[in-house]
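These are the residues of each chain, in order.
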Amino acid sequence: MKNFKIAFLTIVIISISIFLMDYLVSTPAIRESSGKAISKMEYLKIGGIPQFVLTRSHDITNPVLLLLHGGPGSSETAMFRKYNQELEQHFTVVYWDQRGAAKSFSEHIDPESIHLEKYLTDTKELIDVLRERFDQEKIYLLGHSWGSALGLLTAHRHPELLKAYISVGQIVHTAKGQELSYHFTLQRARERNIPEAIAELEKIKAPIQGNYTNPEDVHVQRKWLLALGGERYGKTGYTDIALEILLSREYSAMDILKYLKGMELSFRMMESIGKMNFFLDVKAIAVPVFFIAGKDDFNTPTPLIKEYAQRLAGPHISYKEFEKSSHSPMYEQPEEFNNYLIEIKERVEKPLEAQK
């Protein structure tokens, strides 16, 4: 009986905690005497389904910056809010959980709608909503990892909607990237003399045209890529990211479950990602493009990003490498990252002012 009472009390406490987490979901208010601030959580109907959008700014007359998270299906709102909220003073920052991701997940989403073209039309639709809502002809678009593919293709197809495209951890050529990632991981394992890593990597062998003999072998390679610093700079796991999501004001306990289900649903995109080769498919973009790469990034290998930046044609192509970063410079060197985005805004806005 005593054990039952303890178990029952534990369930009650957990249930109350979950209820309170759900009840207290909100985004902190921005208090500005000018009355131009916004801190708004909402669901917008995009592509025919409700999708979660968070908008935050100290001044809604600032340029709009739309964030395209990675994954697919891995919302980065909690991480951006922790490390990059300074940008809310300089931009009207729009955080979006894409189709099927995190707070945008629903059991009613048709799995067949999880494909590249649908994500691209969703992105354009949201951009048009933001342009009208904030009375801005063009916005800034930032894409990270999977979001960089969405961002690059959107900038290529709709340059008239954008002031600039900002790329972080750009997907360039997935098959070539897999090969570079494997060889980097094996080389670093040998340099650090880690017998277990060397043995496991030599056993699975390098991918051929981006494909491993056993599709499950990619998980072995990614395990050691993380452990050896090619995924996250100075970290060997994802516990801190999980905690940031759990402790986020904007997400509830139920949202965490939706986050996991959304990641599983969005895995359908991996086949399309595996075929991407922007060396062939996107050779020019008619808006300024700013590539940001971490020196140690071998998830989306930095050497490929640098080569692509050199070959891409456009009115302005920049490449910046962060020395103490891997795949996510915005979290690994947040102060430098935020300052660079503010610098980008100043560089882009000055010519626009001159045109008026």
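This text goes with the structure placed above it.
Residues numbered from 1 in each chain as written. Predicted model: local features only at pLDDT ≥ 70, side-chain atom pairs only at ≥ 80, totals over all residues. Heavy atoms only, no water.

So, the overall build of the protein
The test is simple: The secondary structure listing takes helices from DSSP runs of H or I that are at least 4 residues long and strands from runs of E that are at least 2 residues long, numbered from the N terminus. The size measure is the radius of gyration over C-alpha atoms, and the globule rule it meets is 2.2 Å times the number of residues to the 0.38 power. Note that accessible areas follow from Shrake-Rupley with a 1.4 Å probe, and for residues the cover is restricted to the protein chains shown.
A count of helical and extended segments in the protein gives 14 helices and 8 strands. Relative to its length of 356 residues, the protein is compact, with a C-alpha radius of gyration of 21 Å against a globular reference of 21 Å. By principal-axis analysis of the C-alpha atoms, the protein measures approximately 70 × 60 × 40 Å. Here the protein displays about 17,200 Å² of accessible surface, and carbon together with sulfur accounts for 55% of that area.

What to know about the packing of aromatic side chains
Definition in use: Any pair of Phe, Tyr and Trp rings, taking the six-membered ring for Trp, is counted once the centres come within 6.5 Å. Such a pair is stacked with planes under 30 degrees apart, edge-to-face with planes over 60 apart, and tilted for the rest. The cut-offs for exposure are 20% and 50% of the maximum accessible area for each residue type, with area from a 1.4 Å probe on protein chains only; residues under the lower value are buried, those over the upper are exposed, and the others partly exposed.
Under the defined criterion, the tally for this structure stands at 11 aromatic pairs. Ring geometry for Phe184 versus Phe298: centroids 4.0 Å apart, planes at 5 degrees, classification stacked. Remark: Phe298 occurs in the loop between strand E7 (289-294) and helix H12 (302-311) and Phe184 occurs in helix H5 (residues 174-191); sequence separation between them is 114 residues. You can call Phe298 buried: its relative accessible area is 13%. Measuring from centroid to centroid gives 5.9 Å for Phe291 and Tyr308, while their planes differ by 80 degrees, and the two rings are edge-to-face. A residue pair is termed long-range when its members are at least 10 positions apart, and Phe291 in strand E7 and Tyr308 in helix H12 qualify at 17 residues. Using a relative accessible area of 0% as the deciding quantity, one classes Phe291 as buried. Site record: aromatic cluster; members linked through ring pairs are Tyr43, Phe52 and Tyr251.

Describing the pairing of strand E3 (residues 64-68)
As a reminder of what qualifies: At least two DSSP bridges between two strands are required for those strands to pair. Here the term right-handed applies to a crossover when the path leading from its first strand over the helix to its second strand runs clockwise, the strands being oriented away from the viewer.
The buried fraction of E3 is high, at 5 of 5 residues. With 4 bridges joining them, E3 and strand E4 (residues 92-96) adopt parallel strand pairing. Looking across to E4, one finds that Val64 is bridged to Thr92. Note that the unit made of E3, helix H2 (residues 77-83) and E4 has a crossover that is right-handed. Summarising the sheet, E3 and strand E5 (residues 139-144) pair through 4 bridges and their orientation is parallel.

A few points about empty space enclosed by the protein
Here is the rule: Cavity means a closed set of points on a 1 Å grid over the protein atoms alone, one where a 1.4 Å probe fits but cannot get out, pocket means an open set with protein on both sides within 12 Å along at least 5 of 7 lines, and lining means a residue has an atom within 4 Å of a point. Grid points are joined across faces, edges and corners, and a volume is the space filled by probe spheres set on the points. Each residue is assigned to one class: nonpolar for Ala, Val, Leu, Ile, Met, Phe, Trp, Tyr, Cys and Pro, charged for Asp, Glu, Lys and Arg, and polar for all the others, Gly among them.
In this structure the tally under the stated criterion is 1 cavity of 30 Å³ or more. Roughly 40 Å³ of internal volume is contained in the largest cavity. Looking at the largest cavity, the residues that line it are Leu67, His69, Glu76, Thr77, Phe80, Tyr95 and Trp96. Looking at the lining of the largest cavity, the elements that each hand over two or more residues are H2 and E4. When the residues that make up the lining of the largest cavity are grouped by side-chain class, the tally is 4 nonpolar, 2 polar and 1 charged.

What to know about the environment of Arg222
So the rule is basically this: Any two residues whose heavy atoms approach within 4.5 Å are treated as being in contact.
For Arg222, the location among the structural elements is in helix H7 (residues 217-227). The partly exposed category is assigned to Arg222, whose relative accessible area is 24%. Between the C-alpha atoms of Arg222 and Tyr43, which are 179 residues apart in sequence, the distance is 34 Å. Residues in contact with Arg222, not counting those within four places in the same chain, are Gln178, Ser181 and Asn299.

Section: the environment of Ile256
With respect to the element layout, Ile256 can be found in helix H9 (residues 253-266). When sequence neighbours within four positions are dropped, the list of residues in contact with Ile256 reads Ile245 and Leu246.

What about the sheet that holds E4?
Basically, it comes down to this: Here an axis means a line fitted to C-alpha atoms, over the contact stretch when the element is a helix, while the angle between two N-to-C directions is reported on a 0 to 180 degree scale.
Spatial strand order, E1-E2-E4-E3-E5-E6-E7-E8: 8 strands in an open sheet with mixed pairing. One side of each edge strand has no neighbouring strand; the edge strands of this open sheet are strand E1 (38-46) and strand E8 (317-322). Averaged over all pairs of adjacent strands, the angle between strand axes in this sheet comes to 20 degrees, irrespective of strand direction. Strand direction decides the pairing type here: E5 and strand E6 (residues 162-168), joined by 6 bridges, are parallel. For Ile139, the partnering residue across the bridge sits in E6 and is Leu162. The strands touched by helix H3 (residues 116-133) are E1, strand E2 (49-57), E3, E4, E5 and E6; relative to E1, the strand with the most contacts, the crossing angle is about 135 degrees.

Details of H5
Going by this rule: Expected span of a helix, by definition, is 1.5 Å for each gap between consecutive residues, and there is one gap fewer than residues.
The terminal C-alpha atoms of H5, which comprises 18 residues, lie 25 Å apart, in line with the 26 Å expected from a rise of 1.5 Å per residue. All of the buried residues along H5 are Thr174, Ala175, Gly177, Gln178, Ser181, Tyr182, Phe184, Thr185, Leu186, Arg188 and Ala189. If you follow the buried residues of H5, they end up packed against helix H6 (195-204), H7, helix H10 (270-274) and H12.

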